[in-house]
Amino acid sequence: MEAHNRKHSVGDTTLHTCHPCRRTVPYRIYAVIHTCGILALMYHHVNSLLTADTTLITSLLLLSDVILAFMWATSAFLRFNPVHRSEYPEIYAAKPKEEFPKLDVFICTADPYKEPPMMVVNTALSAMAFDYPSDKVSVYVSDDGGSSLTLFALMEAAKFSKHWLPYCKNNNIQDRSPEVYFSSKSHTWDDEADNLKMLYEDMKSRVEHVVDSGKVETEYITCDHFRGVFDLWTHKFTRQEHPTIIQVLQNSETGMGHTGKYIVPNLIYVSREKSKVSPHHFKAGALNTLLRVSGVITNSPVILTLDCDMYSNDPTTPVRALCYLTDPKIKSGLGYVQFPQKFQGVSKNDIYACEYKRLFDINMIGFDGIMGPNYVGTGCFFNRRVFYGPPSNMILAEIDEHNPNRIADKSIEAKDVLELAHNVAGCNYEHNTNWGSKMGFRYGSLVEDYYTGYRLHCEGWRSVFCSPKRPAFCGDVPKSLIDVVSQQKRWAIGLLEVSISRYSPLTYGVKSMGLLMGVSYCQYAYWAFWAIPLIVYGLLPQLAILYGVSVFPKPSDPWFWLCIFLFFGAYAQDLIDFVLEGGTYRGWWNDQRMWMIRGFTSFFFGFIEFTLKTLNLSTHGFNLTSKANEDDEQSKRYEKEIFDFGPSSSMFLPLTATAVLNLFAFVWGICGIFIWGERLVLELMLASFAAVNCLPVYEAMMLRKDAGKLPKRIY
């Protein structure tokens, strides 16, 4: 604990501090009490199993409660020592600019229609506009879709950046995504801003016209230097089969702002070679390609990974990360600094729980008190050295250019540099190498972020959670339920791939990281197992009501009050966590309701799909979440916090069936309570709780006529 109270400094100047949360001691005391309650409940179940006739029912309840107890234990471990950090970027910013390390920014995109090129452009421009020495920033955009539309958009962005970057730095603009800045109503415009907005709108219209037409016409290519690269898109060029394309769109050595005073950062387009006969490992493969290509070209010691929709919301963010990454007391073992994901345009009470408060805030401060947060795929500053083996044992790469300590001193457009960059981006380059297994981002799971962070922690690296008051990065949220649950189904499958493997957190993780960190990682790894208790408690008590059979203790039985204590105790603790980390009561209600919905959709179908894949009865791939703008009616429903079920999907069938069953059980239970007395009180309480949570489903079934209602064939 003393270590967490220390101030970390360079010389005599404090760069960051760490403070334990005040609720730590009360949480530890409650954990002991709750654990005793769980052990008593397990004793009751085992005793009932040995003495009662209803063996199947008791076994199902025991299985469900064992899973619930295990998942509660994982959250209790995360509550063992939560910490909050503060950093002081203004102190670091006062250092000479020559001392700032170089920074490589990785942005990944894969489909110009699901991830519109203008979204990628805004993310790239916001990163290029960091309050950071421009000649030390290089932005790499990986286009895994191999689209000429994305390349054209970035070519336009390079031209616009020569106007946008000087304007931001001259006027100390905070919103450095042009779309966000020009859409804001809080700014006052002068002539310069008006002219800049016209340039932006002109660029936007050209890009969107090209995307709508599906091809880049010759007249739209205004720079002769780039005309030749578009000739690569022939009739044989497909997203699954194409050569490597690396195009330097902007070179800081030669690229100047429109005033001739400001240097603009490097901007480099990368589309790795693809072949149908070679595995490409989805996003992890794209990131490893960027890691190798950037190693050849710039080899910056600090790397930032960003999703294409997560624009920079605070230009000082890199300096905040450096407060940790350059601290001599911790930097040798510090692998990365993770910032939380924050989102713009979230409905008032976050109806779909897309802020993932537990994932990006509550659990993060818990991880941070042990070995540090897990990697969440975006908003993360890495020490390049972290990708080349444990802190005490660096793994040598196959070529000298990939030594993380090498200083790249050649021009980024030198012929030999670009030739080698093309070579390391080839689809066969990784054969018989350590890439994806011991080096770089790790292969083996659809959730490459979770798996990579987990494996890095197992190697002995530590991480830091940095959560400033002004969000460092912001992105968009899905506005229909089907998009939300489909994304979470992919996560559930990827997490199962880790949990049911030789690298399971419960075995390999505990052995490598210790009990606290290993079990804490189980909080995510076994997500899909939530489906089991949710289904049992969503169906069994309700069927008991319909048949007039009791499966729970009566109020006159002391075991009844133990169940009440465990239920309300766990929920109360969850509510306290949620509110203390900046959430609202309505937001918490929506969050716990969405957890139940995921159990009957994402987790349930993720479990089935993973099982079928394990038995070689099916295969699954990486389904990209659409980030394209929704229609106006869908946006209006989202703002009014009305559930939008989207197109017809069988994923809603179990949820709808359970909702109907709980409604019938509730009505039947109210009618029969005078006959049964206290015998089915706990069953009726659960049916009531489920029915209240299912109100949006009943509304979508019976009361709504709009396009977002529950599809007729489902109900």
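Residues numbered from 1 in each chain as written. Predicted model: local features only at pLDDT ≥ 70, side-chain atom pairs only at ≥ 80, totals over all residues. Heavy atoms only, no water.

Caption draft 1: Geometry of the pattern of salt bridges. Under the defined criterion, the tally for this structure stands at 33 salt bridges. The salt bridge partner of R79 is D577, with a shortest N-O separation of 2.6 Å. With R79 in the loop between α3 (55–78) and β3 (83–87) and D577 in helix α18 (residues 558–580), this pair connects stretches of sequence that are 498 residues apart. Across this residue pair, the class does not change: R79 and D577 are buried. Taking the shortest distance from any N to any O, the salt bridge between D314 and R320 comes out at 3.7 Å. (Salt bridge = Lys/Arg side-chain N within 4 Å of Asp/Glu carboxyl O. Helix = DSSP H or I, 4+ residues; strand = E, 2+ residues; numbered from the N terminus. Buried < 20%, exposed > 50% of the residue type's maximum accessible area, 1.4 Å probe, protein only.)

Caption draft 2: Highlighting the sheet that holds strand β5 (residues 137–143). Read from one edge of the open sheet, eight strands run β6-β7-β5-β4-β8-β12-β10-β13, paired in mixed fashion. Each of the sheet's edge strands pairs with one partner strand only, and the pair in question is β6 (245–250) and β13 (462–465). Within the sheet, the average angular offset between the axes of one strand and its neighbour, ignoring direction, is 20°. Strand direction decides the pairing type here: strand β4 (residues 103–109) and strand β8 (residues 302–307), joined by six bridges, are parallel. Residue pairing in the sheet places F106 in a bridge with T305 of β8. (Pairing = 2+ DSSP bridges. Axes fitted to C-alpha atoms, helices over the stretch in contact; angles between N-to-C directions.)

Caption draft 3: Layout of the UniProt feature "binding site: UDP-alpha-D-glucose" (unreviewed entry) in the protein. Per the UniProt entry, the sites bearing "binding site: UDP-alpha-D-glucose" (unreviewed entry) are K114, E115 and D144 in this numbering. A maximum C-alpha distance of 12.6 Å is found for the annotated residues, which run over 31 residues; spatially they form one tight group. Topologically, K114 is positioned in the loop between β4 and α5 (117–128). Looking at K114, the relative accessible area reads 34%, which means it is partly exposed. Counting through the fold element by element, D144 comes out in the loop between β5 and α6 (148–171). Setting aside residues up to four positions removed in sequence, D144 forms contacts with T109, A110, R239, R272, K274, F282 and A286. (UniProt positions renumbered as here; feature names shortened; annotations may be inferred. Contact = heavy atoms within 4.5 Å.)

Caption draft 4: Fine view of the packing of aromatic side chains. Summed over the entire model, instances satisfying the criterion amount to 59 aromatic pairs. Where F106 meets Y140, the ring centres are 6.1 Å apart and the plane angle is 90°; that geometry is what we call edge-to-face. Placement of the pair is F106 in strand β4 and Y140 in strand β5, with a sequence separation of 34 residues. Residue classification places F106 among the buried residues on the basis of a relative accessible area of 0%. Here the aromatic cluster, defined as three or more aromatic residues joined through ring pairs, consists of Y356, F360, F367, Y450, Y454, W491, Y521, Y524, W527, W530, W595 and F603. Positioned above the aromatic ring of W435, the side-chain terminus of R292 is 5.1 Å from the ring centre. Directly above the aromatic system of W595 lies the positively charged group of R358, at a separation of 5.8 Å from the ring centroid. (Phe/Tyr/Trp six-rings, centres within 6.5 Å; stacked < 30°, edge-to-face > 60°. Lys NZ or Arg CZ within 6 Å of the ring centre and 35° of its normal.)

Caption draft 5: Examining a nonpolar patch on the surface more closely. Among the surface-exposed residues, L543, L546, Y547, V549, F664 and W668 lie close enough to one another that they form a single nonpolar patch of about 650 Å² accessible area. When residues of the nonpolar patch are traced back to their parent elements, those giving at least two are α17 (531–547) and α22 (653–676). The greatest single-element share of the nonpolar patch, amounting to three residues, is contributed by α17. Structurally, W668 can be placed in helix α22. We classify W668 as partly exposed; its relative accessible area is 45%. (Patch = residues over 30% accessible without salt bridge, like charges linked within 9 Å, V, L, I, M, F, W, Y side chains within 5 Å. Areas by Shrake-Rupley, 256 points an atom, 1.4 Å probe, with all protein chains shown as cover.)

Caption draft 6: Geometry of the sheet that holds strand β9 (residues 311–312). Strand order in the open sheet formed by three strands is β9-β14-β11, and the pairing between neighbours is mixed. Taken across any chain shown, the strands that pair with only one partner, and hence form the sheet edges, are β9 and β11 (342–343). Bridge analysis of β11 against strand β14 (residues 473–475) gives two bridges, and the strand direction is parallel. Among the inter-strand pairings, K342 is bridged to a residue of β14, identified as C474.

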